[in-house]
Number of protein chains: 2
Amino acid sequence: MSKLFHEYKNPSLAVDLVIFGYHDKTLSVLLLNRKEEPFKDCWTLPGGFLQMEETFLDTCSRILKTKTGMDDVFLEQLYSFDEPGRDPRGRVIAVGYYALINPARFNIIAGSMANDVKWFDVRKLPKLGFDHEHIFRLSLQRLKSKILYDPVGFELLDELFTITELHELYECILQTTIDRRNFRRKILDAEYVINTGTKREGLQNRHPELYKFNKKLKKNSFQINVNAT
Amino acid sequence: MSKLFHEYKNPSLAVDLVIFGYHDKTLSVLLLNRKEEPFKDCWTLPGGFLQMEETFLDTCSRILKTKTGMDDVFLEQLYSFDEPGRDPRGRVIAVGYYALINPARFNIIAGSMANDVKWFDVRKLPKLGFDHEHIFRLSLQRLKSKILYDPVGFELLDELFTITELHELYECILQTTIDRRNFRRKILDAEYVINTGTKREGLQNRHPELYKFNKKLKKNSFQINVNAT
DNA sequence: TTTCGTTTGCGTCAATTTAACGTGAAGTAA
DNA sequence: TTACTTCACGTTAAATTGACGCAAACGAAA
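Residues numbered from 1 in each chain as written. Chains lettered and ligands numbered in written order. Predicted model: local features only at pLDDT ≥ 70, side-chain atom pairs only at ≥ 80, totals over all residues. Heavy atoms only, no water.

Looking up chain A in an unreviewed UniProt entry gives the name NUDIX hydrolase, with the organism given as Chitinophaga qingshengii.

Here you go:
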């Protein structure tokens, strides 16, 4: 006779979040300085254990709300991590999600569990606790390949943006140069964006036109090409 | 004071496998007829619970070995599934993996847990238990997009194969027609395959050259284009 | 008012890639 | 030999890409 269903011992299940934000032409990730062991006083990705009644997305929302003060953001599952030694407290499986945030929308606050919560330039990360360096690297890779064919860039920008701002975002994320005029042509031909007819005022030079994201656009209707990945 | 680490109740963790095989110009998936409740006498994906000391891949191997008699196959993580109602026994999180198999390599055997194990044409699946229809559909989608830029097709073929066989595989998986001559050129230009100098003998017509996979080939060195996805 | 430096928006064009199709050689069977 | 099929390699027009040119639109300086 086999054991009854819940007699088996199960690993703990955690959700870890890679929260990307874009500000001042810099791609950043939100890290949290831990107040408790393990990895006390170390920087880590925000995370938390899955409660019995929660879905992954419920847990994501709870972490976002209590640890950083944010809600209602773009979230996508990244990968699940199972290396036996990844958490010194015991066997913990982590489901990684990544979020795309416009930092202007939120006033980040450190929850009571953390010493501090801060944005870090993705090119200048501190040493991270657990296997979070690994999770982070995978998420950045995913983001880089995703923006080439899926219009998610706008999640990181204001509601209205100029083509130049979108172009700068792509160059920043992909860490490469893309010809400005060819980029414009591709984005417009694909109908990635809709011209609002308004212009951004108060700039030094020619006032660029403001666009908004074309919500009817489907995946794979454009393809940005870059030299290397 | 917070609870001690392992006092929290955790959901069970299962691994479910979508095992793809290609035979007689047909893409098939391996299903298992359950001997026990829930979904007794229903067809489902092979799966099993994660043991405390196992990694996901350990669990995959164990399921493959005990439920189907296979080992040493291509495996890749698909996605993790958390819908609260997906398993009638309680809260079970499933990590989906998919496998690519050359059915000629194995003699499939039903383990003691199953009434039967059988290959099903992916276009003619029976009704599946749990949320396995959902898992299967996602995996097929993944396979379809993956073979466009990643040379995994050879995992489903014999060690030596002809360009025509590879071409038929692509048409079968993508369920579309691809121009034979353009396909050949692209595959050869990308150095997807290496000509072995030998030919397949005993055929009705002209004997085609046999190729093997170029193991030095990296991802993204080719890109197959098709009409729709 | 005019000039200057910069950004923006649109265009051009050669090089490359793609899609669609032709054709002759290699094989078996009649 | 002829007939029929698959295989291997070409050809060509169309589409896309990559690398630029340039003039209009702006604020600032002259």
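Having put the structure on the table, let's press on.
**Observations concerning unusual backbone geometry**
Note that the residue after E37(A), namely P38(A), is joined by a cis bond; omega there is -5°. Looking at the element boundaries, P38(A) is found in the loop between strand 2 (26-34) and strand 3 (43-44). The phi dihedral of D41(B) is positive, around 65°, even though this residue is not glycine. By the element assignment, D41(B) lies in the loop between strand 2 (26-34) and strand 3 (43-44). (Helix = DSSP H or I, 4+ residues; strand = E, 2+ residues; numbered from the N terminus.)

**Digging into the protein's contact with DNA strand C**
The local shell around DNA strand C holds 20 residues, among which R181(A), R206(A), E209(A), R181(B) and Q204(B) are the closest. The sugar-phosphate backbone supplies 52% of the atoms of DNA strand C found within 4 Å of the protein. A distance of 2.8 Å separates a phosphate oxygen of DNA strand C from a polar side-chain atom of R184(A). Every element with two or more residues in the surface near DNA strand C is listed here: helix 4 (180-189) of chain A together with helix 4 (180-189) of chain B. Broken down by class, the residue content of the surface near DNA strand C amounts to two nonpolar, seven polar and 11 charged. (Near = heavy atom within 4 Å. Polar contact = N/O pair within 3.5 Å; in protein donor to acceptor, adjacent residues only side chain to side chain. Nonpolar A, V, L, I, M, F, W, Y, C, P; charged D, E, K, R; others polar.)

**A word on the relation of the copies chain A and chain B**
Structural alignment of chain A on chain B gives an RMSD of 0.0 Å, achieved by rotating through 180° and translating 0.0 Å along the axis. Taken together, the rotation and translation describe the operation of a two-fold axis. Both copies contact each other with a shared surface, as 100% of the interface residues of chain A are interface residues in chain B too. (Least-squares fit on C-alpha atoms with pLDDT ≥ 70 in both. Contact = heavy atoms within 4.5 Å.)

**Digging into a positive patch on the surface**
Residues and elements named next belong to chain A. Taken together, the side chains of R180, R184, K199 and R206 present a region of like positive charge at the surface. Relative to the elements of secondary structure, R184 occurs in helix 4. The exposure class assigned to R184 is partly exposed, which follows from its relative accessible area of 36%. (Patch = residues over 30% accessible without salt bridge, like charges linked within 9 Å, V, L, I, M, F, W, Y side chains within 5 Å. Areas by Shrake-Rupley, 256 points an atom, 1.4 Å probe, with all protein chains shown as cover. Salt bridge = Lys/Arg side-chain N within 4 Å of Asp/Glu carboxyl O. Lys, Arg positive; Asp, Glu negative; His and termini not counted. Charge placed at Lys NZ, Arg CZ, Asp CG, Glu CD. Buried < 20%, exposed > 50% of the residue type's maximum accessible area, 1.4 Å probe, protein only.)

**So, the side chain of H167(A)**
Within the fold, H167(A) resides in helix 3 (residues 163-174). Non-local contacts of H167(A), meaning those with residues more than four positions away in its chain, are made with I178(A), D179(A), R180(A) and F183(A).

**Considering the UniProt feature "domain: Nudix hydrolase" (unreviewed entry) in chain A**
Feature annotation in UniProt places "domain: Nudix hydrolase" (unreviewed entry) on residues 10-144 of chain A, given in this structure's numbering. The span residues 10-144 of chain A is 19% helical and 39% strand by assignment, and the distance between its end C-alpha atoms comes to 35 Å. (UniProt positions renumbered as here; feature names shortened; annotations may be inferred.)

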